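What follows is the residue order along each chain.
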Amino acid sequence: MNFKIHRGTKEIGGSCVEVWTENTKILLDFGMPLVEKGVLPNIEGLYDNSKNLIDGVIISHPHQDHYGLANFINDNVQYYLGEASHKIIKLNNLFTPQEIHLKNTNYFEKSKTFKIGDISIIPYWADHSAFDAYSFLVEANGKSLFYSGDFRSHGRKAKAFYWFTHNAPKNVDYLLLEGTTISRSNKPFKTETEIENELIEVFKQEEKINLIYTSGQNIDRLTSIYRACIRTGKIFVVDVYVAKVLKELSKYAGIPYPSENFGNIKVMFPFFTSRRLKNDGNEKVLYEFKKFKITKEEISNQSENIVMIVRPSMQKDLERINRIEGGNFIYSMWEGYLKKTATMKFVDYLTNRKFTLHKIHTSGHADTKTLKKMVEVIRPKNIVPIHTFEGDKYKDIFNEPVVELKDEEIREI
Ligand SMILES: [Zn+2]
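The present account deals with the structure reproduced in this document. What you are looking at is a predicted structure, and each value in this text was computed from that prediction instead of being measured. (Residues numbered from 1 in each chain as written. Predicted model: local features only at pLDDT ≥ 70, side-chain atom pairs only at ≥ 80, totals over all residues. Heavy atoms only, no water.)

What to know about the overall build of the protein chain
Okay, step 1: Scanning the protein chain from N- to C-terminus turns up 13 helices and 19 strands.
Okay, step 2: Here the C-alpha radius of gyration of the protein chain, 22 Å, is about what a compact globule of 413 residues would show, namely 22 Å.
Okay, step 3: For the protein chain, the C-alpha atoms occupy an extent of roughly 65 × 45 × 40 Å along the three principal directions.
Okay, step 4: Burial status across the protein chain gives 59% buried among its 413 residues. (Helix = DSSP H or I, 4+ residues; strand = E, 2+ residues; numbered from the N terminus. Rg over C-alpha atoms; globule rule 2.2 N^0.38 Å. Buried < 20%, exposed > 50% of the residue type's maximum accessible area, 1.4 Å probe, protein only.)

Some details on helix 12 (residues 368-378)
Okay, step 1: T368, T370, L371, M374, V375, V377 and I378 are the residues of helix 12 that are buried.
Okay, step 2: Once helix 12 ends, the next one or two residues include R379, with phi positive near 45 degrees.

Side note on the sheet that holds strand 4 (residues 56-58)
Okay, step 1: Strands sit in the order 6-5-4-3-2-1-19 across an open sheet of seven strands; the sheet is mixed. One side of each edge strand has no neighbouring strand; the edge strands of this open sheet are strand 6 (104-107) and strand 19 (410-412). Shown here is a sheet whose adjacent strand axes are inclined to one another by a mean of 25 degrees, direction ignored.
Okay, step 2: Here three bridges tie strand 1 (residues 2-7) to strand 19, and the two strands are oriented antiparallel to one another. Considered in strand 19, the bridge of F3 is made with R411. (Pairing = 2+ DSSP bridges. Axes fitted to C-alpha atoms, helices over the stretch in contact; angles between N-to-C directions.)

Quick notes on the pairing of strand 2 (residues 16-20)
Okay, step 1: With five of its five residues buried, strand 2 lies for the most part within the structure.
Okay, step 2: Bridge count between strand 1 and strand 2: five bridges; the pairing is antiparallel. Bridging across to strand 2, F3 finds its partner in V19.
Okay, step 3: Relative to strand 3 (residues 25-28), strand 2 runs antiparallel, the two being bridged by four bridges. Bridge pairing in strand 3 links V19 to I26.
Okay, step 4: Adjacent in sequence and paired antiparallel, strand 2 and strand 3 are bridged by four residues.

Comments concerning the nonpolar core
Okay, step 1: Core analysis: the biggest nonpolar cluster contains 40 residues, and L199, F203, I225 and F236 have the highest contact counts within it.
Okay, step 2: At the level of secondary structure, the elements contributing two or more residues to this core comprise helix 2 (83-95), helix 4 (192-203), helix 5 (219-232), strand 13 (235-239), helix 6 (240-249), strand 14 (265-268), helix 8 (284-288) and strand 15 (306-309).
Okay, step 3: Considering each element in turn, this core owes the most residues, seven residues, to helix 6.
Okay, step 4: Discounting chain neighbours no more than four positions away, the residues touching F203 are N210, I212, I225, A228, C229, T232, K234, V307 and I330. (Core = buried A, V, L, I, M, F, W, Y, C linked by side-chain atoms within 4.5 Å. Contact = heavy atoms within 4.5 Å.)

Description of the sheet that holds strand 11 (residues 174-178)
Okay, step 1: Strand order across the open sheet formed by six strands is 7-8-9-10-11-18, with mixed pairing between neighbours. The sheet is open, and its two edges are formed by strand 7 (114-116) and strand 18 (382-386), each paired on a single side. Strand-to-strand twist of the sheet, defined as the mean angle between neighbouring strand axes without regard to direction, takes the value 25 degrees.
Okay, step 2: For strand 10 (residues 143-147) and strand 11, the ladder comprises three bridges, and the chain directions are parallel. Among the inter-strand pairings, Y147 is bridged to a residue of strand 11, identified as L176.

Set out below in structure tokens:
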């Protein structure tokens, strides 16, 4: 078995690993680079209609930096991914400018081995800020490689990592280990439960509306917000995009979504999202949530009871909501995004309306202790840094041999 990291040995995002034997060739992830856009890795049988088409592309989770270049892949290529991951990719087509249609999909299930040619793969369910995330054990000809994907152990699926520590494959030849947060502090990261408690402290302040900017697909975070709302008696207002994501994903997990069962969740219809859905002929999505609608006027009239998900494109809607000056604005994403122009403008807009900014967030990625735990349970013969800017620091953290590869460097196992 051989492998080659096309991208990811020295950057976060754009992950792409090719694994092959004499008979079979697969790809683990095909992500959009976050750093440098527009360069496609040179992979035979991936783009054109050659006879030797690649045998399969495996997607670890529905974050763009892991699947975002799929549009360039030949239509006849087979994809392997979680069913919920595919659902999320389709929702992104509905609500964002993205147009990625995976034609041939095969859904794998956690812990169930599947084969592509003579390569066998076991997906391990992972705790990550993406909803449906996996690590993979890849085996052929008695050799093995473990691809960590993106993971952590302080989210709402911490049990998945705990389970893994008792059921991990042992003595793999190569562990391709993500290191997104290496170089940040060595302290353990806050758990989602701690985030929930911090939110409660803010929501408890009287006479204030609470606006939260978070990813509409960070289901762990949305659940923390929902739980904090229940514990403080607030109405949780989501927009139609978040409503649709929660509803679709509720088929796969016991998460809250606008329905009779979750009476305190209301749905707002933002101007731009509604217009996009109408223009694209997807008005039916709007009708799905009519029953749970809350108007801007209703929000104005009881603003002190409201916790509402917002994002920069909703400024036009906020302008139509009165008497919310001096509320709380909770920024609940990676701090780096605060430098984006649209985000800065949005923060300025709310600061002008006398909002107080609170930053309440925890990482989607493993802290150093969790990375060490993964290494300890797998006991790999070699560790290869991936999805990191700090590959050179792995040697200081782990006792096992670290093999720092370059992008495109071939390794024979
Ligand atoms: Zn991710």
